[in-house]
Amino acid sequence: MLSRAVDGMSALITALDRMKESLGGDSVATAARELGEASDTLRRLPQSLEGRLDKLGDLVKVGAQLNKCIEDMHKHLAYLRVFGVNIKITSGGIAAAGPEFAIFAQEICDCIELGRTQLDTFRADLGALDSDLRQALTQEGALARRCDDLLPAVPDSLVAQVSAITAHQRRISEITEKVASLARDVRKQVGSALAALQIGDITRQRIEHVQFGLALLDAPEVRALPAEAHARLSTFLHKLLTAQLNATTRDFRQAVSRIGLNVGAMAADASEILRLRDHAESQGGEGSFLRDLEANVGKAFALVDDIEAGERSAETVSRSAARSARDLAAQIAAIQNMRADVQMMAMNTTLKCSRIGETGKPLGVIAIELRQHATHLETSAGHTMAALEALFGSTSDEAMDDSEVLERQASAASAAAEALRDAVERIRKTGDEVEGDLASAAHQGGEVVDMLKQAAARFDFDRQVGGYLDEALNLLKRAMGDQGPIDDLAPVLAPLMARLSRTYTMAQEREVHAPFADQVGEVPELNPHAQPPAAQSDDEVLF
């Protein structure tokens, strides 16, 4: 059982060393650094939101200004149309004007109607742009609120959870080191116990030597002695053998008591190994940390997706605004050209009226009004064009610049997401290795504890063997008579003592034998196989 415990303890130490190696690597440190960098990137991602919100707000405001400009131009075009119709009506009542004025007035009305159509198109396009801008503004506002909710809480949580995982693994590493040290101590104790169990073989040998001594009483030279001399020799040998068996019993009990204490201590220490393992697991396994970490990483991914979608939407709106700016500018330019045509027609009308003379004055007055309102239309169109230019400027260049900025931001967001994935995967891999090694250590530790507890429960050598030793010792004591002189027995006793001393394999036996040998003048002959007890290390015993 103890030999199996040594094997189990070695397997446990191997598992603990492997776990310590996993924890001692830089995987978690690298993941922590990557998560920290990704978290910093996440914190910076919304910086573009504020500028986009301001720009969208400006776009919406200018849209409102453009609507006012459209109303003004509509009003001026309505006046122009009225004046065009008046020219047509008035010229019909002037004979000198002829049909030319009516045709001319119709051209003016057609031109003004074309301007109204272009202005309506302008209004519709501006309305579509305004709808897109307001929708984008709503989306940006929602994204800003989401960023406020998740930032910096999510990246801070990521960093905090990685710190918690790092601290958890550091605690496991410390506990692992303690358990491994304790396991090595237990293995040494098991080795000591295995060495101490040699007491069984030692005791058996010493009992055999006592049995050999008793057999010497049946030697022919002993049986040839007279009864009185035989009794004295028998008493002397029984006294020697009783001393040997008494020393054997005492040494056996001391060793057995020491072994019992060691086995009990080993079982207690092995139970401490399990308690340390339970402490490591009760701190909250990697699984719970990973679940929390992955939940926050999921939020971070969702936020990155939202930000990337917002950036794509902003890019779309930016390009749409650029196209709308060009289209609106072209429409305003067409209206300005129409205004120039109307003014030219009004000037020609004035010149023709002056040739007609007095009857053409009413037409001249109308033509002057037409020119003045055409000037008002020019002013409104100029305001509109100024608003467009102030808002968009070089729209193509700005759209290109925005695209480059958004592309860089999208790249940063993707890099942050990829760093998050890599970091979590690295932490998960290390966590799986640690969990697996913990499970292996728990299994090995549990088996060792069971084996040592069984060994401790079954260990009762004192009762199983000590009782027989006591019984035999009592029988030897009862066989002893009163000690008489043995000087006359030395010729027979000395050779017997020498034969007995040659069987000894333990220094303790020779120490017990020595006083009795002195009494008969016998010089003990050493057993050539006997070795004095040498100090052995536990590793020498085991290996």
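The written sequence of each chain sets the order in which its residues are numbered from 1. Local features in a predicted model are, by the rule used here, given only for residues with pLDDT of at least 70; side-chain atom pairs are given and counted only at 80 or more, and totals for whole chains, interfaces and linings are based on all residues. Side-chain calculation: all heavy atoms of the structure are included, whereas hydrogens and water are not.

J.: Break down the overall build of the protein chain for me, with residues and values.
T.: A tally of helices and strands in the protein chain yields 15 helices and zero strands. Burial classification: accessible surface area is computed with a 1.4 Å probe over protein chains only, and a residue below 20% of its type maximum counts as buried, one above 50% as exposed, and the rest as partly exposed. Residue burial in the protein chain is summarised as follows: out of 543 residues, 45% are buried. Whether two residues are in contact is decided by their heavy atoms, any of which lying within 4.5 Å being enough. In the protein chain, once contacts between residues fewer than 6 apart in sequence are set aside, the share between residues at least 24 apart is 91%. For the accessible areas, the method is Shrake-Rupley and the probe is 1.4 Å, while residue cover comes only from the protein chains on display. Taken as a whole, the protein chain presents about 26,700 Å² of accessible surface, with 53% of it coming from carbon and sulfur. A run of H or I in DSSP becomes a helix once it reaches four residues, and a run of E becomes a strand once it reaches two; helices and strands are each numbered from the N terminus.

J.: Tell me about the nonpolar core, residues and numbers included.
T.: Core analysis: the biggest nonpolar cluster contains 65 residues, and Met9, Leu233, Met266, Leu452, Leu493 and Met497 have the highest contact counts within it. Looking at this core, the elements that each hand over two or more residues are α1 (2–24), α5 (153–196), α6 (198–215), α8 (227–282), α11 (395–458), α12 (461–479), α13 (490–501) and α14 (507–520). Sequence-distant contacts of Leu233, defined by excluding residues within four places in its chain, comprise Leu217, Val222, Leu225, Leu489, Val492, Leu493 and Leu496. The definition of a nonpolar core used throughout is a set of buried Ala, Val, Leu, Ile, Met, Phe, Trp, Tyr and Cys residues joined through side-chain atoms within 4.5 Å. Counting residues in hydrophobic clusters, the runner-up holds 42 residues, among them Leu77, Leu126, Val317 and Ala346.

J.: Can you lay out the packing of aromatic side chains for me, pointing to particular residues and giving the numbers?
T.: Within 6.5 Å between ring centres, the rings of Phe, Tyr and Trp (the latter by its six-membered ring) count as paired, and their orientation is classed by plane angle as stacked under 30 degrees, edge-to-face over 60, tilted in between. The final tally for this structure, using the stated rule, is one aromatic pair. When the ring of Phe236 is compared with that of Phe516, the centres are 5.7 Å apart and the planes differ by 75°; the resulting orientation is edge-to-face. Taken together, the residues Phe236 in helix α8 and Phe516 in helix α14 connect sequence positions 280 residues apart. The two residues Phe236 and Phe516 agree in class, both being buried.

J.: Requested: an account of α6, with residues and values cited.
T.: Here the expected span of a helix is defined as 1.5 Å times the quantity of residues minus one. Between its first and last C-alpha atoms α6 spans 26 Å; for 18 residues at 1.5 Å apiece the expected length is 26 Å, and the two agree. Inspection of α6 places Ile199, Thr203, Gln205, Arg206, His209, Val210 and Gly213 among the buried residues, and these make up the whole buried set. The buried residues of α6 occupy an angular sector of 160° when the element is viewed end-on, so they sit on one face. Here, the arc refers to the directions that run from the helix axis to the C-beta atoms.

J.: Report on the pattern of salt bridges, specifying residues and quantitative values.
T.: A pair is scored as a salt bridge if a Lys or Arg side-chain nitrogen falls within 4 Å of a carboxyl oxygen belonging to Asp or Glu. Applying the stated criterion across every chain, the model contains eleven salt bridges. For Arg204, the salt bridge identified is with Asp201, shortest N-O distance 2.4 Å. Taken as a pair, Arg204 and Asp201 lie in helix α6 at a separation of three residues, close to a single helical turn. The exposure class of Arg204 is partly exposed, given its relative accessible area of 40%. Its salt-bridge partner being Arg206, residue Asp251 comes within 2.8 Å of it at the nearest N-O pair. Of this pair, Asp251 sits in helix α8 while Arg206 is found in helix α6, placing the two residues 45 residues apart along the sequence. One salt-bridge network, in which partners are shared between bridges, spans Arg81, Glu113 and Arg116.

J.: Describe the confidence of the model for the protein chain, naming the residues involved and giving the relevant values.
T.: Predicted coordinates in areas of low pLDDT are best not read in detail. Across the protein chain, pLDDT averages 76, with 84% of residues at or above 70. A score between 0 and 100, pLDDT records how confident the predictor is in each residue. When pLDDT is averaged over each element of the protein chain, α6 comes out on top at 93 and helix α15 (residues 538–542) at the bottom at 42. The model gives residues 394–400 a pLDDT under 50, and that stretch makes nine contacts with residues more than four places away or in other chains. The low-confidence segment residues 533–543 (pLDDT under 50) makes twelve contacts with residues lying over four places distant or belonging to another chain.

J.: Report on the side chain of His238, specifying residues and quantitative values.
T.: When you line up the elements, His238 lands in helix α8. With residues near it in sequence (within four places) discarded, His238 still touches Leu214, Leu217, Leu476, Ala479 and Met480.

J.: Give me the lowdown on the packing of α13 against α14, citing residues and values where you can.
T.: Every axis in this analysis is a line fitted to C-alpha atoms, fitted for helices over the stretch in contact. Angles between the N-to-C directions lie between 0 and 180 degrees. Between α13 and α14, the shortest axis-to-axis distance is 9 Å and the interhelical angle comes to 155°. Judged on the interaxial angle alone, α14 and α13 are roughly antiparallel. The element α13 and its partner α14 pack so that their crossing is left-handed. The segment α13 lies against α14, with Ala490, Leu493, Ala494, Met497, Leu500 and Ser501 engaging His513, Phe516, Ala517 and Val520. Classifying every residue of the contact of α13 with α14 by side-chain character gives eight nonpolar, two polar and no charged. Angle categories are assigned with fixed cut-offs, so that under 35 degrees is roughly parallel, over 145 is roughly antiparallel, 65 to 115 is roughly perpendicular, and the rest are oblique. By the definition used in this description, the sense in which the near helix is turned from the far one sets the handedness, with an anticlockwise turn below a right angle giving left-handed and a clockwise turn giving right-handed. The classification used treats Ala, Val, Leu, Ile, Met, Phe, Trp, Tyr, Cys and Pro as nonpolar, Asp, Glu, Lys and Arg as charged, and all other residues, Gly among them, as polar.

J.: Just give me the short version of the environment of Ala180, but keep the residues and values in it.
T.: Its place among the elements puts Ala180 in helix α5. Ala180 sits 164 residues away from Leu16 along the chain, and the two C-alpha atoms are 6.2 Å apart. For Ala180, the residues in contact, after removing those within four places along its chain, are Ile13, Leu16 and Asp17.

J.: I'd like a rundown of a nonpolar patch on the surface, residues and numbers included.
T.: Residues with no salt bridge and a relative accessible area higher than 30% make up the patches, which join like charges within 9 Å and nonpolar side chains (Val, Leu, Ile, Met, Phe, Trp, Tyr) within 5 Å. A cluster of nonpolar side chains, contributed by Met344, Met347 and Leu351, occupies part of the molecular surface with about 280 Å² of accessible area. Relative to the assigned elements, Leu351 resides in helix α9 (residues 286–356).

J.: I'd like to hear about the environment of Arg253, residue by residue, with values.
T.: Among the secondary structure elements, Arg253 is positioned in helix α8. Overall, Arg253 belongs to the partly exposed group, its relative accessible area being 29%.

J.: Which residues make up the side chain of Arg232, and what values go with them?
T.: The topology assignment puts Arg232 in helix α8. The term polar contact refers here to a pair of N or O atoms within 3.5 Å; inside protein, the definition further demands a hydrogen-donor-capable atom paired with an acceptor-capable atom, and it admits residues adjacent in sequence only when both atoms are side-chain atoms. A distance of 2.3 Å separates a polar side-chain atom of Arg232 from the backbone oxygen of Pro485. Leaving out residues up to four positions away in the same chain, Arg232 has contacts with Gly484, Pro485, Ile486, Asp488 and Leu489.

J.: How would you sum up the environment of Arg43? Please name residues and give values.
T.: For Arg43, the location among the structural elements is in helix α2 (residues 27–44). Relative accessible area serves as the criterion here: at 30%, Arg43 is assigned to the partly exposed category. Distance from Arg43 to Pro152, taken between C-alpha atoms, is 6.2 Å for residues 109 residues apart in sequence. Here Arg43 is in contact with Pro152, Pro155 and Asp156, once residues within four sequence places are set aside.

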